[in-house]
Amino acid sequence: MVPEAVCMSENQTGLPVHIGIIMDGNGRWAKKRGLPRKLGHKAGANTFREIARYANKIGIQYMTAYVFSTENWKRPKEEVDSIIELLRAYLNEMDGYAKENIRVRFLGDRTAFDQDIQQKMQRAEEKSASATGLNLSLAINYGGRAELVHAARKLAAAAAAGELSPSDIDEDMMGRYLYTCDLPDVDLIIRPSGEYRLSNFLIWQAAYAEYVFLDQVLWPDFKPATLDQALAEYQRRNRRFGGIG
Ligand code: FPP
């Protein structure tokens, strides 16, 4: 668990400690070009790679990207399969992250994926565990509500086993039962493509986040300069965490 001082503060540069990104707009990007949606996701995966490297370069400590939600299974099978294939290809190149000092984590229920994917996720996490640069998390088969249900079940089981009493449960303990147990709260959520919602992403962790919605950019067109623009907007905000500032 990260100390509270880290969870709820900017670092000394005024940058957010933890950025969440909802990578929206791949489908529209492809449609505008007369391409199949899967090529939009492919372009989106390339953008993700570039932005992760850039975030590491400028000293962002934590970045979490929404890759595949618990609701995305409702999409046509062909599209789901294409995203899983992209994930598989992406996992194959993940050894490079450890070399770039990027620590990788996966948030969500990974048991839904084939064994080889689960093994590759574990390998990427283990190989990069001692990296000290960007902490890069990929939310995959992730949903904020499912995460809370998962935590509630584990807490209930611990209580039923006599390991804790219901009155021991507080916000701190709840946080330790989430997939994000070793990440600080998210400071800034960025969503391109003109949609103004959280879509079940980090709903507990974003309780005091700032939101930057970018109307004019679809995720595949998101550039390092777009991240700079969102960071500048964040730096103009006055965060009070319920106080009077
Ligand atoms: C939302 O765009 C995007 C997704 C549901 C998938 C995000 C996946 C990627 C960026 C590619 C995979 C990445 C990795 C790292 C393997 P949308 O399809 O909802 O776009 P639309 O709203 O324009 O239709």
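Summary of the structure given here. Just so it is clear, the structure is predicted and the values come from calculations on it, not from any experiment.

Conventions adopted
Residues numbered from 1 in each chain as written. Predicted model: local features only at pLDDT ≥ 70, side-chain atom pairs only at ≥ 80, totals over all residues. Heavy atoms only, no water. Near = heavy atom within 4 Å. Polar contact = N/O pair within 3.5 Å; in protein donor to acceptor, adjacent residues only side chain to side chain. Areas by Shrake-Rupley, 256 points an atom, 1.4 Å probe, with all protein chains shown as cover. Helix = DSSP H or I, 4+ residues; strand = E, 2+ residues; numbered from the N terminus. Phe/Tyr/Trp six-rings, centres within 6.5 Å; stacked < 30°, edge-to-face > 60°. Buried < 20%, exposed > 50% of the residue type's maximum accessible area, 1.4 Å probe, protein only. Pairing = 2+ DSSP bridges. Axes fitted to C-alpha atoms, helices over the stretch in contact; angles between N-to-C directions. Parallel < 35°, antiparallel > 145°, perpendicular 65-115°, else oblique. Left-handed = near helix turned anticlockwise from the far one by under 90°. Contact = heavy atoms within 4.5 Å.

1. A look at the site of the ligand
Taken together, 16 residues surround the ligand, and among them M23, G27, R28, R37 and R75 come closest. In the environment of the ligand, an oxygen atom lies 3.2 Å from a nitrogen or oxygen atom belonging to the backbone of N26. The contact in question runs from an oxygen atom of the ligand to an N or O atom on the side chain of R75, over 2.8 Å. Burial of the ligand by the protein amounts to 92% of the accessible area it has alone, namely 620 Å². Listing elements by their share of the shell around the ligand, those giving two or more residues are α2 (26–32), α3 (37–57) and α4 (77–92).

2. Points about the packing of aromatic side chains
Applying the stated criterion across every chain, the model contains twelve aromatic pairs. Aromatic side chains Y66 and Y142 sit 6.1 Å apart centroid to centroid with 80 degrees between the ring planes, which places their arrangement in the edge-to-face category. Here Y66 is found in strand β2 (residues 62–69), whereas its partner Y142 is found in strand β4 (residues 135–142), with 76 residues between them in sequence. Overall, Y142 belongs to the buried group, its relative accessible area being 0%. For the pair W73 and F113, a centre-to-centre distance of 5.8 Å together with 35 degrees between the ring planes defines the contact as tilted. Here W73, found in the loop between β2 and α4, pairs with F113, found in the loop between β3 (103–107) and α6 (115–127); they are 40 residues apart in sequence, far enough to count as distant. The partly exposed category is assigned to W73, whose relative accessible area is 35%.

3. A few points about the pairing of strand β5 (residues 188–192)
Among the five residues that make up β5, five are buried, leaving the element largely enclosed by the rest of the structure. Going residue by residue along β5, you find L188, I190 and P192 tucked away on one face and I189 and R191 tucked away on the opposite face as well. Bridging between strand β1 (residues 18–22) and β5 involves three bridges; their strand directions are parallel. Residue pairing across strands places I21 opposite I190, the latter belonging to β5. As defined by bridge partners, β5 adjoins strand β6 (residues 210–214) across five bridges and the pair is classed as parallel. The partner of R191 across the bridge, within β6, is F213.

4. Some thoughts on the packing of α3 against α4
Helix-helix packing: each pair is described by the crossing angle between the helix axes and the interaxial distance. Here α3 crosses α4 at 30 degrees, and the two axes come no closer than 10 Å. In terms of orientation, α3 and α4 fall into the roughly parallel class. In terms of crossing hand, the pair formed by α3 and α4 is right-handed. In contact with R37, K38, H41, K42, A45, F48 and R49 of α3, α4 contributes E79, S82, I83, L86 and Y90.

5. Remarks on the environment of F113
The class for F113 is buried, based on a relative accessible area of 6%. For the pair formed by F113 and E125, sequence separation is twelve residues and the distance between their alpha carbons is 16 Å. Dropping the residues within four chain positions of it, F113 is found in contact with W73, I84, Q118, M121, I140 and N141.

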